[in-house]
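Read off the chains here:
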Amino acid sequence: MRALVIAVLAACGGTVAPPPRPRTKAVVGDGATTPTNARDRPLVEPIAALAITDRVSRLAPGTAQLELHATPIEGPGPATPLEVSVLDAQGNLVRVAIRLEHARFAVWTERARLLGVVLRDERVSARAGGGGMPNDKQVLLRQGAAVKRLARKDGWTQIRYAGALEVEGWLPDVVLGEAAPAHDSIGRIPSGARTLMVTPGAVIRAEPRWAGRQLAVMANGYFVDTVRDVDAAWVEVFYQDGDLVVTGYVSRRDPPGRLRSKRADPTLAPAPIAPTTRVASGTCLFARSDGDPIGYLVGDQDVDLADATRGWWSLAIDTPWGPVAFAARGADASSLQACGPTGSVPASTLVAPPATVP
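Everything numeric here is computed off the predicted structure, so don't read it as measured data.

## Describing the overall build of the protein chain
And then number 1: Secondary structure summary: the protein chain contains two helices and 27 strands in total.
And then number 2: Within the protein chain, the fraction of its 358 residues that count as buried is 46%.
And then number 3: Considering only contacts within the protein chain whose residues lie at least 6 apart along the sequence, 61% involve residues at least 24 apart.
And then number 4: Total accessible area on the protein chain stands at roughly 17700 Å², and carbon and sulfur atoms take up 54% of it.

Spelled out as structure tokens, the structure:
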């Protein structure tokens, strides 16, 4: 019957519609896959979007791709979270804008690598549902602070914040999102009170006793402000920076507490590129030869440039993933195609990330 219908259509001058194209798989992160359709296209043109910085997200760098179906770029291991903007999404992948001092470009990576962003100032609770902390001793996370989501329960999310201090607790789901207005990561803000020097691992507690509830642990900071000396062992302290405010008690005698956040090991950082050529600001970065433009250089830069074929070049720069080779187009090294600003980007548009990995 099927053959008869086809024969009739052909005789009438009609055409037979081809069968639907099979759905394919896009390579994801650490070997996972997500279904996509061959006709899917990015919804955002990346070059124009790279300059938009009104709302930002935080990304824990991991395995990424310059374009869907491309060879994955392996993750760097524990690394400083990056400030990014989400440009597009397909399944469990997101396309994000990476803004560095020397380059801007887009990559695809796993949505799960996006940290939660606090949408408004919110007090951290000891348990789902709120409460569990004395009213006058608390941790307040400020709008824009980035946290790792650990668990969810009854409309609340267990989180871990890692900066100068490490904090674990619970926040209402409604105060967490993937993006928030950009803000500067301000370091410790002195109150003018007497300063107390502490060591990493020093525990700030809700009460001046060893069994008091843990509010925070010193991670990368060394100083807190003294409110008063409680006794020979305990000091009431205060700490604030651009991400959080903590009030509690520190012991001069207790052993250090445990830090759960992974620290980036600088000795494991990949070797930088060996520059061969200096190229002009705005030089366009392509995902591959004959591919799409996905970024550009900021300022004149020393890069590793090698001739590829038919007017295409391999252009490698240092990134949070280590050296990454993009494609560049031009008749010679002095006339590479540009698609970005020819001058440097003001430093005020670049926001410093936190110092640790949640």
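## A word on a nonpolar patch on the surface
And then number 1: A grouping of Met197, Tyr222 and Phe223 is seen on the molecular surface, where their side chains present a nonpolar patch of about 330 Å² in accessible area.
And then number 2: Summarising the element assignment, Tyr222 is placed in the loop between strand E18 (214-218) and strand E19 (223-229).

## With respect to the pattern of salt bridges
And then number 1: Here the structure, examined in full by the defined rule, presents 16 salt bridges.
And then number 2: With a closest N to O distance of 3.9 Å, Glu83 and Arg58 form a salt bridge. In this pair, Glu83 sits in strand E5 (residues 82-90) while Arg58 sits in strand E3 (residues 55-59), placing the two residues 25 residues apart along the sequence. Both residues of the pair, Glu83 and Arg58, count as buried.
And then number 3: A salt bridge links Arg228 to Glu236; the nearest nitrogen and oxygen atoms lie 2.7 Å apart.
And then number 4: Arg228 gets classed as partly exposed once you look at its relative accessible area, which sits at 41%.

## Considerations on the state of the cysteines
And then number 1: Under the defined criterion, the tally for this structure stands at one disulfide.
And then number 2: Here Cys284 connects covalently by a disulfide to Cys339, the sulfurs 2.3 Å from one another. Taking the sign of the S-S torsion, about 90 degrees here, the bridge from Cys284 to Cys339 comes out right-handed. Linking Cys284 in strand E23 (residues 284-286) with Cys339 in the segment after strand E27 (322-329), this pair joins segments that are 55 residues apart in sequence.

## So, the pairing of E3
And then number 1: Among the five residues that make up E3, four are buried, leaving the element largely enclosed by the rest of the structure.
And then number 2: Here E3 runs beside strand E15 (residues 180-181); their pairing, made up of two bridges, is antiparallel. Looking at the pairing, Val56 lines up with Ala180 of E15.
And then number 3: In the sheet, E3 pairs with E5 via three bridges, with the strands oriented antiparallel. Within E5, the residue paired with Leu59 across the bridge is Leu82.

## Some details on the packing of aromatic side chains
And then number 1: In the structure shown here, the tally under the stated rule is two aromatic pairs.
And then number 2: Seen in terms of ring centroids, Phe286 and Trp312 are 4.9 Å apart; in terms of plane orientation they differ by 85 degrees. Their pairing is edge-to-face. Linking Phe286 in strand E23 with Trp312 in strand E26 (residues 312-319), this pair joins segments that are 26 residues apart in sequence. Of the two residues, Phe286 and Trp312, both sit in the buried class.

## Digging into the pairing of strand E12 (residues 156-162)
And then number 1: Taken across its seven residues, E12 has six buried, putting it largely inside the fold.
And then number 2: Hairpin connection from strand E11 (residues 146-153) to E12: two residues lie between these consecutive antiparallel strands, with Asp154 at a positive phi of about 50 degrees.
And then number 3: Linking E12 to strand E13 (residues 165-172), which pair antiparallel, is a turn of two residues.

## Considering unusual backbone geometry
And then number 1: A positive phi angle, close to 50 degrees, is found at Asp154, a residue other than glycine.
And then number 2: Its location among the elements puts Asp154 in the loop between E11 and E12.
And then number 3: We note that Arg310 has phi near 50 degrees; this positive angle belongs to a residue other than glycine.
And then number 4: Mapped onto the elements, Arg310 comes out in the loop between strand E25 (301-307) and E26.
And then number 5: Judged by relative accessible area, Arg310 falls into the exposed class, the value being 64%.

## Section: the side chain of Gln240
And then number 1: Mapped onto the secondary structure, Gln240 falls in strand E20 (residues 234-240).
And then number 2: Within the structure, the side chain of Gln240 is placed 3.3 Å from the side chain of Arg142, a separation counted as a polar contact.
And then number 3: Every residue in contact with Gln240, bar those within four places of it in the chain, is listed here: Arg142, Gly187, Arg188, Ile189 and Val245.

## A few points about the confidence of the model for the protein chain
And then number 1: With 81% of its residues at a pLDDT of 70 or more, the protein chain shows a mean pLDDT of 83.
And then number 2: Contacts from residues 1-43, a stretch scored under 50 in pLDDT, to residues over four places away or in other chains number 48 contacts.
And then number 3: Below pLDDT 50 for its whole length, residues 346-357 participates in 33 contacts with residues either more than four positions away or in separate chains.

## Concerning the environment of Ser281
And then number 1: Within the secondary structure, Ser281 is located in the loop between strand E22 (277-279) and E23.
And then number 2: Relative accessible area serves as the criterion here: at 6%, Ser281 is assigned to the buried category.
And then number 3: Spatially, the C-alpha atoms of Ser281 and Gly299 are 4.1 Å apart, while their sequence positions differ by 18 residues.
And then number 4: Within the local environment of Ser281, its side chain forms a polar contact with the backbone nitrogen of Gly299, the two atoms lying 2.9 Å apart.

## As for the environment of Ala128
And then number 1: With respect to the secondary-structure elements, Ala128 resides in the loop between strand E9 (122-123) and strand E10 (138-141).
And then number 2: Here the alpha-carbon distance between Ala128 and Asp154, two residues 26 residues apart in the chain, equals 7.1 Å.
And then number 3: Setting aside its immediate chain neighbours within four residues, Ala128 contacts Lys153, Trp156 and Trp170.

Calculation notes
Residues numbered from 1 in each chain as written. Predicted model: local features only at pLDDT ≥ 70, side-chain atom pairs only at ≥ 80, totals over all residues. Heavy atoms only, no water. Helix = DSSP H or I, 4+ residues; strand = E, 2+ residues; numbered from the N terminus. Buried < 20%, exposed > 50% of the residue type's maximum accessible area, 1.4 Å probe, protein only. Contact = heavy atoms within 4.5 Å. Areas by Shrake-Rupley, 256 points an atom, 1.4 Å probe, with all protein chains shown as cover. Patch = residues over 30% accessible without salt bridge, like charges linked within 9 Å, V, L, I, M, F, W, Y side chains within 5 Å. Salt bridge = Lys/Arg side-chain N within 4 Å of Asp/Glu carboxyl O. Disulfide = S-S within 2.5 Å. Pairing = 2+ DSSP bridges. Phe/Tyr/Trp six-rings, centres within 6.5 Å; stacked < 30°, edge-to-face > 60°. Polar contact = N/O pair within 3.5 Å; in protein donor to acceptor, adjacent residues only side chain to side chain. pLDDT = per-residue confidence, 0-100.

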